[in-house]
Amino acid sequence: MRRRNLQLDEQGRLRHLLTIEGLKRQQIVDILDTAESFITSSDQQVRNAQVRKVPLLRGKTIVNLFFEASTRTLTTFELAAKRLSADVLKININTSATVKGESLLDMLQNLEAMQCDMFVVRHSDSGAAHLIAQHVAPHISVINAGDGQHAHPTQALLDIFTIRRHKGEFAPLTVAIVGDIMHSRVARSQIHALTTLGISDLRVIAPKTLIPSQVEGLGVHVYHDMKEGLHNADVVIMLRLQKERMQGALLPSEQEYFQDYGLTEKKLAVAKTDVMVMHPGPINRGVEIDSEVADGPRSVILEQVSNGIAVRMAVMSMVLGRPPMDKESEGAP
Amino acid sequence: MKISILGGRLVDPANGLDQITNIHIAAGKVIALGDAPAGFEARQSIDANRQIVCPGLVDLRACLREPGQEYKATIASETRAAAKSGITTLVCPPDTDPVADTPAVVDLIRHRSIQAGFARVLSLGALTQNLDGKQLAEMGALKAAGCVGVSNARTAIKSTQVMRRAMEYAASQNLPVFLHAEDPSLADGGCAHEGAVSVRLGLPGIPEIAESIAVARELQLVEQTGVRAHFCQLSSERAVKMIARAQYDGLSVTADVAAHQLFLTEMDIGYFDSQCHVRPPLRTQRDRDGLRTALKNGTINAICSDHQPHDTDAKLAPFPSSAPGISALETLLPLTLRLVDEEVLSLSAAIACLTRHPAKIVAANSSLAIGDCADVCIFDPEQYWEFTTESMASQGHNSPFLGWEFKGRVTHTLLAGHIVFNTRS
């Protein structure tokens, strides 16, 4: 029952995208190259990357299944699908705790009966996308748009896409991820992506309460001090701090967090002069990042959002646009 | 009914026996070993040549789901699965619905099990009313109704004062307490061992100290109150070492381990395999080895199934939302025999972990001396078989061991001299 690589088909091609973990470096590079091919504007103006419309997925139906609220991710997935000429269906499920596995799988069967080709899934439980991928009909692909605290692979891909557009090579880079690593699916996916790409130094910076035990096993260096952790960094990725972290005795207050870990121009001074500042959004100004930095020249936060469209187009077209593989499974019920 | 079991290898740890002999049974009791008494004519003879004959197995923790969750399993379905697995005595925790905090529930469970007739079911009474950790249950009445011990099952008693009083009261009733050591605040919201796998999969963790801190508290209270205490299903090496220390210091504490903890680790979760969602969680290789060492040196002297049958939907959910537990009666003996194959335990030590030692903890019979009740398990130690859904008798098919090949299979089970399971029937 325990399939090793659920997201790859027999030929090792992407069948679903559930996590970055286990992808080969070349597969990640292929996704980035494909995303690049969708961007038409000349590279003079990277900040306003224009994405052209292509007919790659004409006739395909993509269902956005969001069991958890989202604005950017949902919108960019929808835009990406439309730029690929696919039909898009959006299903917002009120994510009360009553959404059980049973009704989840029942609902999927109903959607399958409606001739869908892809589910883009967001769910508050880690592993939800894997569960769905295990149970969908063989012709359906699943893209994980965020599951619990586990993974958010397309976010990580758009982040490294943005990094590559600015820095070119990954190998010499020092990247620091700052904030709530413990609860962040974005951080986990970024860590897998950046270690697979072989960057020279990957750091996480946060108080101990926000660093999961044994995170070093994922290939990162742990820092509790911003000055040390940001030293000579090429890229700084800030994570969103959820307000509820104050309740769980993880942090004393937003003020103290900002004092110690909020990104300011002053703290950023120890990083490289051409450091780029990233954030998956939505940002809490004055909590994890100062407005001056967020809106400043080194911030690429808005660019990340627009790159999200090209990267998601790349993933969807590569997963759905594979030459037909299992002919025999196409007719399966 | 008069039955003779002929030519089997009798392994009876309680009497220090390991020899090829015959057993003769009449009126539910063993009446002779070796030659049949003069004039004895067996109605039925069981050829146990090349088979192992041992006392019926005693399982210290099996959730039978009745009353309250009959859609998952019933006393009849699960005791039948027990009989098929050589288990003749099951100890049922009090977390039924309603909770076994009154003699009525205990009576109901006993009557249903007698009606089914496949295995003895012993009840643990609730330590606190409705397991809410506030008011003591009527332990005297529960004892009178036949409870062999008291427990708050997996519901932690948060108040140390209440736990102390509960232990004091149980001690005055001369009832052993069965403890599930888990600090509720440290375990809150968790579903997997806090470590390498939980960090990778983003699963909320249950740290090892959730167990060891609770063990530390309970050990101090046991020492203070003088109650007889049994620690259920330990999962960490650290906790086991604390128990060993307490035993060395002369405290009257025993401990068991669930069979799956001796074989699986957090790594078996793979990519969110909900069949490996158990409580306490599967921990590290080091913990697994520590548990095996504790079995070898006797710190832990009982292996239980921690049987928790579930309906299919309970496991068809994302890992954190799936129900924890394994339908485990039918893998109890095969897994324990695998410990013999892996040279962790000798055959007689392994059988003792399933018979003599757990029986002593609940004051049940587990001996095949003359005059003893004839609860017998006969198994073929050389038979290879694959564990599949189709081969399961339990109503719950949730098991991470499906597809495993086991060596050693039960051929007959006798309960008080009656054949309750027979492969050839």
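Student: Honestly, the overall build of chain A in this entry has me stumped. Any pointers?
Tutor: If you tally the helices and strands in chain A, you get 12 helices and 9 strands. Considering chain A as a whole, with its 333 residues, one finds that 47% of them fall into the buried category. Partitioning the contacts of chain A with sequence separation of at least 6, the portion at a separation of at least 24 is 76%.

Student: I'm lost on the interface of chain B and chain A in this one. Help?
Tutor: It is common to give the size of an interface as the accessible area that goes away when the parts come together. Facing the 20 residues of chain B at the interface are 25 residues of chain A. Ranked by residue count, the leading element in the side of chain B that touches chain A is helix α6 (residues 196-201) of chain B, at 4 residues. Here the side of chain B that touches chain A is composed, by residue class, of 11 nonpolar, 5 polar and 4 charged.

Student: Any chance you could explain the sheet that holds strand β2 (residues 87-92) of chain A here in plain terms?
Tutor: All names here are of chain A. Spatially, β2-β1-β3-β4 is the arrangement adopted by the 4 strands of the open sheet, whose pairing is parallel. Lying at the two open borders of the sheet, with one neighbouring strand each, are β2 and β4 (141-147). This sheet shows a mean twist of 15° between the axes of neighbouring strands, independent of strand direction. Here strand β1 (residues 61-66) pairs with β2 via 6 bridges, running parallel. Across the sheet, F66 pairs through a bridge with N92, a residue of β2. Where helix α11 (residues 301-320) meets the sheet, its contacts fall on β1, β3 (118-123) and β4, and the angle it forms with β4 comes to roughly 150°.

Student: Explanation requested: the packing of helix α11 (residues 329-341) of chain B against helix α12 (residues 347-354) of chain B in the structure shown.
Tutor: Packed helices, taken two at a time, are described by their axes: the angle between them and the distance between them. All names here are of chain B. Here α11 crosses α12 at 150°, and the two axes come no closer than 9 Å. Considering their axes alone, α11 and α12 lie roughly antiparallel with respect to each other. Between α11 and α12 the crossing geometry is right-handed. Contact residues: α11 offers L332, L333, T336, L337, L339 and V340, while α12 offers L347, A350, C353 and L354. Of the residues in the contact of α11 with α12, the class split is 9 nonpolar, 1 polar and no charged.

Student: Teacher, can you tell me more about the domain arrangement of chain B here?
Tutor: Residues and elements named next belong to chain B. Segmenting chain B into domains produces domain 1 (3-53 + 371-392 + 406-422) and domain 2 (56-361). If you average the C-alpha positions of domain 1 and of domain 2, the two centres end up 28 Å apart. Of all elements in the fold, only β16 (376-386), β17 (405-415) and β18 (418-422) reach the threshold of two or more residues within the side of domain 1 that touches domain 2. If you tally residues by element for the side of domain 1 that touches domain 2, the top one is β17, at 6 residues.

Student: Where do I start with the pairing of β3(A) in this structure?
Tutor: Walk down a regular strand and you will see the side chains alternate between the two sheet faces. Residue and element names in this part refer to chain A. With 6 of 6 residues buried, β3 is to be regarded as a mostly interior element. Here β3 shows two buried faces, one formed by M118, V120 and R122 and the other by F119, V121 and H123. Bridging between β1 and β3 involves 5 bridges; their strand directions are parallel. Pairing of N64 across the sheet is with V120, part of β3. Looking at chain direction, β3 and β4 are connected through 5 bridges and run parallel. Paired with V120 across the bridge in β4 is I143. Assessed by its sense of winding, the connection that carries the chain from β3 through helix α4 (residues 128-135) to β4 is right-handed.

Student: How should I be thinking about the sheet that holds strand β13 (residues 229-231) of chain B in this particular structure?
Tutor: Note on sheets: strands pair through backbone hydrogen bonds, and any given pair is parallel or antiparallel. Residues and elements named next belong to chain B. If you walk across this open sheet you meet the 8 strands as β6-β7-β8-β9-β10-β13-β14-β15, and the pairing is parallel. Pairing within the sheet leaves two strands with one partner each, and these edge strands are β6 (57-59) and β15 (302-304). Taking each pair of neighbouring strands and ignoring which way they run, the sheet shows an average axis angle of 30°. Here β6 runs beside strand β7 (residues 87-92); their pairing, made up of 3 bridges, is parallel. Paired with V58 across the strands is T89, a residue of β7. Across the sheet, α11 is in contact with β6, β7 and β15; its angle to β6 comes to roughly 120°.

Student: Please explain the domain arrangement of chain A as it appears in this structure.
Tutor: Residues and elements named next belong to chain A. Domain annotation of chain A identifies domain 1 (25-152 + 306-330) and domain 2 (153-305). For domain 1 and domain 2, the distance between their C-alpha centroids amounts to 25 Å. For the side of domain 1 that touches domain 2, the secondary-structure elements that each account for two or more residues are α1 (25-37), α2 (72-83), β4 and α11. By residue class, the composition of the side of domain 1 that touches domain 2 is 10 nonpolar, 10 polar and 5 charged.

Student: Please clarify how the environment of P358(B) should be interpreted in this entry.
Tutor: Its place among the elements puts P358(B) in helix α13 (residues 356-361). For the pair formed by P358(B) and Y248(B), sequence separation is 110 residues and the distance between their alpha carbons is 20 Å.

Student: Just checking my understanding: could you explain the environment of M163(B) for this structure?
Tutor: Residue and element names in this part refer to chain B. Turning to its location among the elements, M163 is positioned in helix α4 (residues 160-172). Separated by 30 residues in sequence, M163 and G133 place their C-alpha atoms 7.8 Å apart. Look past the residues within four positions of M163 in its chain and what remains in contact with it is I157 and L221.

Student: I would appreciate a short explanation of the nonpolar core in the present structure.
Tutor: Nonpolar side chains in soluble globular proteins tend to be buried together. Ranked by size, the top nonpolar core spans 234 residues in total, and within it F119(A), V178(A), V236(A) and M316(A) carry the most contacts. Not counting residues within four places of it along the chain, the set of residues in contact with F119(A) comprises V63(A), L65(A), I132(A), V136(A), I140(A) and V142(A).

Student: Looking at this model, I keep getting lost on α11(B). Mind explaining?
Tutor: In an α-helix there are 3.6 residues to a turn, and that puts residues three or four apart on one side. Along α11(B), 10 of the 13 residues are buried, which leaves the element largely enclosed by surrounding structure. Immediately beyond the C-terminal end of α11(B), within one or two residues, lies E343(B), with a positive phi of roughly 60°.

Student: Looking at this structure, I do not really get the packing of helix α8 (residues 237-248) of chain B against helix α9 (residues 285-297) of chain B. What am I missing?
Tutor: Residue and element names in this part refer to chain B. One way to put it is that α8 packs onto α9 with a least axis distance of 8 Å and a crossing angle of 25°. Of the possible angle classes, the one that applies to α8 and α9 is roughly parallel. Residue-level contacts link E237, V240 and A244 of α8 to R286, D287, G290, L291 and A294 of α9. In the contact of α8 with α9, the residues fall into 4 nonpolar, 1 polar and 3 charged.

Student: Help me understand the confidence of the model for chain A in this model?
Tutor: Low-pLDDT portions of the prediction should not be read for the details of their coordinates. Per-residue confidence for chain A gives a mean pLDDT of 88; residues scoring 70 or more make up 89%. Note on residues 324-333 of chain A: pLDDT is under 50 here. Beyond four places in sequence and across chains, it has 7 contacts.

Conventions used here
Just so you know, the residues in each chain are numbered from 1, in the order the chain's sequence is written. Here chains are named by letter from A upward and ligands by number from 1 upward, in the order in which they appear as written. Totals for whole chains, interfaces and linings use all residues, but because this is a predicted model, local features are given only for residues with pLDDT of at least 70 and pairs of side-chain atoms are given and counted only at 80 or more. What counts as a helix is a DSSP run of H or I of at least four residues, what counts as a strand is a run of E of at least two, and both are numbered from the N terminus. Exposed residues have 12 or fewer other C-beta atoms within 10 Å of their own C-beta, buried residues have 20 or more, and residues in between are partly exposed; the C-beta atoms are placed from the backbone. What counts as a contact here is a pair of residues whose C-beta atoms, placed from the backbone, lie within 7 Å. Classification used: nonpolar for Ala, Val, Leu, Ile, Met, Phe, Trp, Tyr, Cys and Pro, charged for Asp, Glu, Lys and Arg, polar for all others including Gly. If DSSP finds at least two bridges between two strands, the strands pair. To define axes, lines are fitted to C-alpha atoms, for helices over the stretch in contact only, and angles between the resulting N-to-C directions are given on a 0 to 180 degree scale. Orientation is classified from the angle alone, with under 35 degrees giving roughly parallel, over 145 giving roughly antiparallel, 65 to 115 giving roughly perpendicular, and any other angle giving oblique. A crossing counts as left-handed when the near helix is turned anticlockwise from the far one by less than a right angle, and as right-handed when that turn is clockwise. All domain edges in this entry derive from an automatic or database-based domain assignment. When the strands point away from the viewer, a crossover counts as right-handed if the path from the first strand over the helix to the second runs clockwise. Put simply, a nonpolar core is buried Ala, Val, Leu, Ile, Met, Phe, Trp, Tyr and Cys residues tied into one set by C-beta atoms within 7 Å. One number per residue, pLDDT, summarises how confident the predictor is, and it ranges from 0 to 100.

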